[in-house]
Amino acid sequence: MAQVVASHRGPVTGTANKAKKRRPFLLDLYSTAVGKKYAMGISGIAMMGFVLFHMIGNLKMYAGAADLDHYAHFLQTLLYPLAPKGVVLWILRGGLVAMLFLHLHAAWSLTMLNRKARPVKYQSARDYQIANFASRTMRLSGLVILAFLVWHLLDLTFGVVNSEVGNKVLYPGDTEEVKAVYVSVIASFERVPVALFYIVANILLGIHLFHGAWSIFQSFGWNNPRFNKWRRAFATGFAAVVVVGNVSFPIAVMAGVIS
Amino acid sequence: MSNTIKNITLKIWRQDGPAAKGHFETHKIDEITDEASFLEMLDILNDRLVTDGKEAVVFDHDCREGICGTCSLMIDGQAHGPQRGTATCQLHMRKFNDGDSITIEPWRASAFPIIKDLMVDRSAFDRIIESGGYITAETGGAPDANLIPIPKPIADAAMDSAECIGCGACVAACPNGAANLFTAAKVAHLNRLPQGQAERYSRVESMVETMDDYFGSCTNHGECEAACPKEISIDVIALMHKDYRKAKFSNRKDLARS
Ligand code: HEM
Ligand code: SF4
Ligand code: FES
């Protein structure tokens, strides 16, 4: 290979193996870039599971107010009376927040590593062959999703920017009032800029997943000549299902299909 | 019969040393045969520069037949230039047209400091090889051929990754400056063969961790595969990631015993 320039690295000795640092197992795994990619993948899969079921659950919207509100109530009272109301939901939420944190931390530190790996950029234009829009905008799409997530929670979970959140409704035949979720969703999407932000963010989520849901296979080492051609199809299909489902809600509200 | 290519404008990166500030320098090639290789074109330019009392452009090369991995040029934004599956030395001027402007840059990565002009120091790759790119074999007389049976598909797959010539185009092409294709090619080569089994898991652990000291992280863009003169598939990267996981999980106890 190339000539060796005098450097801090010292001579070639044939004994480049460093003494192993003893560290708790998970920290040890997380200390390398390959390990951090496992963390990204695991947290990515957890969040993929969430967005898929979140979308499917919300399809209840098309069955009417009572269905959606009862579904929300069902989530609130998971495992009740074994666990107090809301507890299971908060545990699930806590898990998701932890996954999000892990994903963000790994994304941040890998980005810093990559910056360090090429401090001087190419001075002429690169001609990329394979890297696509999705793979090259993971950070950007991720950050827009993060901004959207904050808004979404302030809007429909905590009601900071939505005065309908927190209202209750008593349906005929019920013994107790349930949260009027349906009304707050309609109220949210009747604000056109909010609906547009929701649509843009979900399209970016789809773009993130178009690369991400393919990328996890490589990161985990799931590579098998017999199913490799399905990996791209899976990512495209998964992203498409999530985007089409999620984007349909604000469009349906704006078009007056659900009101 | 050969044709001539006329009116080529070269924009070449010139840099006096690792810490110096570099710049692009423009040179004209009025006429050149299309049978000239890209490096011969640079030789001709250098002859002219030396005759004119100027300093020749420094670039790396050795075998000029795509087997040593020494040549290394970023040509028009592509590592090893616009031809798939070949090293810079195998690129010929017939790939270009009259009036073309060609930009030439060195590989750029912090692990590959520029020595001068277009030549970089790739000894970070040697560090990775030292940490696990070997097998333990008994010394003594040469063993009989076919003493160790290796199924044909395994031998073929190992050969596919053993083709890596260590040129560094994968790192150069990677938007993250990651060396996963190089490292994985070496890991896959040895980990697939019976002779490589003894160190299988210690190898992948050490090589991945040494790689981390110098290079960026793989985002699965796939640019490395497109740039690789040996067209090594990113499938080897998946194999390395899998073996790394196995090394960390299943084999942890075994390694802990030692
Ligand atoms: C909230 C802000 C988010 C940010 C800043 C973010 C950022 C990133 C980045 C930078 C990568 C590429 C990392 C690399 O390959 O080096 C990535 C990968 C990925 N992301 Fe996200 N992301 C976010 C949210 C999400 C969400 C909500 C999901 C799923 C619904 C998701 C799923 C994935 C998946 C599956 C991968 C591929 C992991 C792998 O290659 O192993 N991300 N993310
Ligand atoms: S994997 Fe390909 S591009 Fe990378 S060093 Fe080996 S031959 Fe060069
Ligand atoms: S000079 Fe040997 S591979 Fe190009």
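Residues numbered from 1 in each chain as written. Chains lettered and ligands numbered in written order. Predicted model: local features only at pLDDT ≥ 70, side-chain atom pairs only at ≥ 80, totals over all residues. Heavy atoms only, no water.

K.L.:
What is the right way to look at the site of ligand 1 in this model?
P.N.:
By nearness alone, 25 residues border ligand 1, and Lys37(A), His103(A), His208(A), Ser215(A) and Ser219(A) come closest of all. Neighbouring residues of ligand 1 are not confined to one chain but are distributed across chains A and B. A distance of 2.8 Å is found between a nitrogen atom of ligand 1 and a side-chain nitrogen or oxygen belonging to His103(A). Contact distances for ligand 1 include 2.4 Å between an oxygen atom and a side-chain N or O atom of Ser215(A). (Near = heavy atom within 4 Å. Polar contact = N/O pair within 3.5 Å; in protein donor to acceptor, adjacent residues only side chain to side chain.)

K.L.:
Can you help me understand the coordination of the iron atom of ligand 1 in this one?
P.N.:
In ideal tetrahedral geometry, four donors around a metal make angles of 109.5 degrees, whereas ideal octahedral geometry with six donors gives angles of 90 or 180 degrees. Residue and element names in this part refer to chain A. Surrounding the iron atom of ligand 1 are the protein donor atoms His 103 (NE2) and His 208 (NE2), at 2.0 to 2.1 Å. Coordination geometry of the iron atom of ligand 1: the six donor atoms subtend angles of 87 to 180° at the metal centre, consistent with an arrangement described as octahedral. Of this pair, His 103 sits in helix α4 (residues 87-117) while His 208 sits in helix α8 (residues 192-220); the two residues are 105 residues apart in sequence, bridging distant segments of the chain. A relative accessible area of 16% places His 103 in the buried class. Exposure remark for His 208: the relative accessible area of 14% places this residue in the buried category. (Donors = N, O, S within 2.8 Å, 3.2 Å for Na, K, Ca; no water. Tetrahedral: all angles 85-135°; square planar, octahedral: opposite > 155°, others 65-115°. Helix = DSSP H or I, 4+ residues; strand = E, 2+ residues; numbered from the N terminus. Buried < 20%, exposed > 50% of the residue type's maximum accessible area, 1.4 Å probe, protein only.)

K.L.:
Could you clarify how one ought to interpret the pattern of salt bridges in this entry?
P.N.:
Side chains carrying opposite charge are able to pair once their charged atoms draw close together. Residues and elements named next belong to chain B. Inspection of every chain in the model, using the stated rule, returns 16 salt bridges over all chains. Between Asp 16 and Lys 116 there is a salt bridge; the shortest N-O distance is 3.9 Å. Of this pair, Asp 16 sits in the loop between β1 (4-14) and β2 (23-33) while Lys 116 sits in strand β6 (residues 114-116), placing them 100 residues apart in sequence. Judged by relative accessible area, Asp 16 falls into the exposed class, the value being 59%. For Arg 108, the salt bridge identified is with Glu 105, shortest N-O distance 2.5 Å. Overall, Arg 108 belongs to the buried group, its relative accessible area being 4%. (Salt bridge = Lys/Arg side-chain N within 4 Å of Asp/Glu carboxyl O.)

K.L.:
Which parts of the structure should I look at to understand the packing of aromatic side chains?
P.N.:
Think of a pair of aromatic rings as described by two things: how far the centres are apart, and how the planes are tilted against each other in angle. Residues and elements named next belong to chain A. Applying the stated criterion across every chain yields a total of 18 aromatic pairs over all chains. With 5.9 Å between their ring centres and 35° between their planes, Tyr 62 and Phe 249 make a pair best called tilted. Of the two residues, Tyr 62 sits in the loop between α2 (33-58) and α3 (65-76) while Phe 249 sits in helix α9 (residues 228-254), which places them 187 residues apart along the sequence. Judged by its relative accessible area of 38%, Tyr 62 falls in the partly exposed class. With a centroid separation of 6.5 Å and an interplanar angle of 55°, the aromatic rings of Phe 217 and Phe 227 are classed as tilted. Of the two residues, Phe 217 sits in helix α8 while Phe 227 sits in the loop between α8 and α9, which places them 10 residues apart along the sequence. Classification of Phe 217 as buried rests on a relative accessible area of 14%. The class of Phe 227 is partly exposed, set by a relative accessible area of 33%. Over the ring of Tyr 122 we find Arg 126; its NZ or CZ atom is 5.3 Å from the centre of that ring. (Phe/Tyr/Trp six-rings, centres within 6.5 Å; stacked < 30°, edge-to-face > 60°. Lys NZ or Arg CZ within 6 Å of the ring centre and 35° of its normal.)

K.L.:
What's the story with unusual backbone geometry in this structure? I'm lost.
P.N.:
Cis peptide bonds are those with omega within 30 degrees of zero, and the linkage from Tyr80(A) to Pro81(A) qualifies with 10°. Relative to the helices and strands, Pro81(A) is located in the loop between α3 and α4. For Asp117(B), which is not glycine, the phi torsion reads 45° and is therefore positive. Examined against the element boundaries, Asp117(B) turns out to sit in the loop between β6 and β7 (119-120). Despite not being glycine, Asn220(B) has its phi angle at roughly 60°, a positive value. Inspection of the secondary structure puts Asn220(B) in the loop between α6 (200-214) and α7 (223-227). Residue classification places Asn220(B) among the buried positions, given a relative accessible area of 5%.

K.L.:
So what exactly am I meant to see when it comes to a nonpolar patch on the surface here?
P.N.:
All names here are of chain A. Taken together, Trp 90, Val 150, Leu 153, Leu 154, Phe 158 and Val 160 make up a surface patch of nonpolar side chains, about 580 Å² in accessible area. Position of Val 150 among the secondary structure elements: in helix α6 (residues 138-157). For Val 150, a relative accessible area of 47% translates into the label partly exposed. (Patch = residues over 30% accessible without salt bridge, like charges linked within 9 Å, V, L, I, M, F, W, Y side chains within 5 Å. Areas by Shrake-Rupley, 256 points an atom, 1.4 Å probe, with all protein chains shown as cover.)

K.L.:
What am I meant to see in the domain arrangement of chain B here?
P.N.:
Interfaces are often sized by the amount of accessible area the parts lose when they come together. All names here are of chain B. Domain parsing of chain B yields domain 1 (4-115) and domain 2 (123-257). Between domain 1 and domain 2, the C-alpha centre-to-centre distance is 30 Å. Contact residues are listed per partner, giving 18 residues for domain 1 and 18 residues for domain 2. Between domain 1 and domain 2, roughly 1,300 Å² of surface is buried when both sides are summed, and carbon and sulfur atoms account for 62% of that area. (Domains from an automatic or database assignment. Contact = heavy atoms within 4.5 Å. Buried area = accessible area lost by both parts, 1.4 Å probe.)

K.L.:
Any chance you could explain the interface of chain B and chain A here in plain terms?
P.N.:
At the interface, 68 residues of chain B touch 59 residues of chain A. Counting each side, the surface lost to burial between chain B and chain A is near 5,400 Å², with a carbon and sulfur contribution of 50%. One can count one salt bridge joining chain B with chain A. With its nearest N and O atoms 2.7 Å apart, the salt bridge here joins Lys248(B) to Asp28(A). At the boundary of chain B and chain A, one finds 34 residue pairs in polar contact (both at pLDDT 80 or more). Within the side of chain B that touches chain A, the residues separate by chemical class into 30 nonpolar, 18 polar and 20 charged. (Nonpolar A, V, L, I, M, F, W, Y, C, P; charged D, E, K, R; others polar.)

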